[in-house]
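Examining the three-dimensional arrangement
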Amino acid sequence: ARQQKMAPMSMSTQKQVGTRCYFEHGNIKFAKRFDPFTHVYMFSIGFPPDLWEHLSNMWNESQSPYMICYHSPKVMIDRYDFDLELITQLSTSMHGSSESHMGYIYKRRGLEDRKAKLEAQQQTLEEEKEEQIQLVKQLEFKCDP
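Here goes a summary of the coordinates provided.

Calculation notes
Residues numbered from 1 in each chain as written. Predicted model: local features only at pLDDT ≥ 70, side-chain atom pairs only at ≥ 80, totals over all residues. Heavy atoms only, no water. Helix = DSSP H or I, 4+ residues; strand = E, 2+ residues; numbered from the N terminus. Buried < 20%, exposed > 50% of the residue type's maximum accessible area, 1.4 Å probe, protein only. Contact = heavy atoms within 4.5 Å. Pairing = 2+ DSSP bridges. Axes fitted to C-alpha atoms, helices over the stretch in contact; angles between N-to-C directions. Salt bridge = Lys/Arg side-chain N within 4 Å of Asp/Glu carboxyl O. Core = buried A, V, L, I, M, F, W, Y, C linked by side-chain atoms within 4.5 Å.

Another aspect to go through is the overall build of the protein. Looking only at helices and strands, the protein features four helices and four strands. For the protein, the N- to C-terminal ordering of α and β elements is α-β-α-β-α-β-β-α. Here the protein holds 145 residues, and 21% of them are scored as buried. Residue pairs at least 24 apart in sequence account for 59% of intrachain contacts in the protein once pairs closer than 6 positions are excluded.

Shown next as structure tokens:
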């Protein structure tokens, strides 16, 4: 499959979108995780089963907290085993068309537990780093000039 290069956004478009937003155009099958993205959106109508399996593996290997798509919990959780829980759902309509779809907003299952665990791991890393610094300071010795 040929990957297309997209033209860079103009400065006015960048200002409208904001600097903390990133758009990527490419083949998602080349990706392994959704990290570091905080929100994953996919217009998922018509995705084939092998792509769903790939996306589920990616999601379950990632830390991304939120997903927005157009498939129900029965498909996302029961069929493809995404680590998700439904926050809300709402009907959407396509601009300039009579086409409408149900949109679903999910969060990662156990998100609060994950955040607490990550914070505890970060604290442990900081403490270990400080211990290493103190050990190095104790081992400092003077060399002959």
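Further notes follow.
The strand order across the open sheet formed by four strands is 1-2-4-3, and the pairing between neighbours is mixed. Each end of this open sheet is capped by a strand with a single partner; those strands are strand 1 (39–41) and strand 3 (84–93). Strand-to-strand twist in this sheet, taken as the mean axis angle between neighbours without regard to direction, amounts to 15°. One ladder, built from three bridges, connects strand 1 with strand 2 (residues 66–69); its direction is parallel. Counterpart to His-39 in the pairing with strand 2 is Tyr-66.

Under the defined criterion, the tally for this structure stands at three salt bridges. Between Arg-109 and Asp-83 there is a salt bridge whose closest N-O contact spans 2.9 Å. Taken together, the positions of Arg-109 in the loop between strand 4 (100–108) and helix 4 (111–139) and Asp-83 in the loop between helix 3 (73–79) and strand 3 put the pair 26 residues apart, joining distant regions of the chain. In this structure Asp-83 comes out as buried when scored by relative accessible area, which is 17%. Between Lys-107 and Glu-85 there is a salt bridge, with its nearest N and O atoms 4.0 Å apart. One end of the pair, Lys-107, is in strand 4; the other, Glu-85, is in strand 3, with 22 residues separating them in the sequence. When its relative accessible area of 32% is taken as the criterion, Glu-85 is described as partly exposed.

What follows covers the nonpolar core. The nonpolar side chains of soluble globular proteins are, as a tendency, buried together. One finds Leu-55, Met-67, Met-76, Phe-82 and Leu-84 to be the most contacted residues of the largest nonpolar core, which totals 18 residues. Among the secondary structure elements, those contributing two or more residues to this core are helix 2 (49–60), strand 2, helix 3 and strand 4. Looking at this core element by element, the count peaks at five residues for helix 2. In this structure, Leu-84 is in contact with Trp-59, Met-67, Met-76, Ile-77, Tyr-106, Lys-107 and Arg-109, ignoring residues within four places of it in sequence.

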